[in-house]
Amino acid sequence: MTHRARHDEREDFPGTTAGLPGRDAVSGRGALLEFVGLTLAAGAFVLFVVRPELSEGLVRALAAQAAAAVG
């Protein structure tokens, strides 16, 4: 059986706050944002597979906006 010692003194280097009491490394909000991001990424992937002309139109629109911003 292994015993892991936990140091009570505070470290002087910047790090995560997961070891501090009352501070979670992953909060519920982070899980929700991860789910929303993955859902958006999956939806975009499906759109680009089902309708590839949309990606061409998006590239053209971004290029036109970049050219207008430069010129």
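Per the secondary structure count, the protein includes two helices and zero strands. Per element, the accessible surface of the protein, about 7000 Å² overall, is 63% carbon and sulfur.

Another aspect to go through is the pattern of salt bridges. Within this structure, the stated rule accounts for one salt bridge. Glu53 is paired through a salt bridge with Arg51; the nearest N and O atoms lie 2.8 Å apart.

Turning next to a nonpolar patch on the surface. Taken together, the side chains of Leu47, Phe48, Leu54, Leu58 and Leu62 define a hydrophobic patch exposed on the protein surface, amounting to about 440 Å² of accessible area. Contributing elements (two or more residues each) for the nonpolar patch: α1 (28–50) and α2 (52–70). The residue Leu47 is located in helix α1 in this model.

This brings us to the environment of Ala44. With respect to the element layout, Ala44 can be found in helix α1. Residues Ala44 and Ser55, spaced 11 residues apart in sequence, show a C-alpha to C-alpha distance of 9.6 Å.

The rules behind the values
- Each chain carries its own residue numbering, running from 1 in the direction its sequence is written.
- The predicted origin of the model limits local features to residues at a pLDDT of at least 70 and limits the giving and counting of side-chain atom pairs to 80 or more, whereas totals for whole chains, interfaces and linings rest on all residues.
- As a rule here, side-chain values cover all heavy atoms of the structure and leave hydrogens and water aside.
- Comment: elements are numbered from the N terminus, with helices defined as DSSP H or I runs of at least four residues and strands as E runs of at least two.
- All accessible areas in this document rest on Shrake-Rupley with a 1.4 Å probe, and a residue is counted as covered only by the protein chains that are shown.
- When a carboxyl oxygen of Asp or Glu is within 4 Å of a side-chain nitrogen of Lys or Arg, the pair counts as a salt bridge.
- Exposure above 30% relative accessible area and no salt bridge define the residues that can form patches, which grow by joining like charges within 9 Å and nonpolar side chains of Val, Leu, Ile, Met, Phe, Trp and Tyr within 5 Å.

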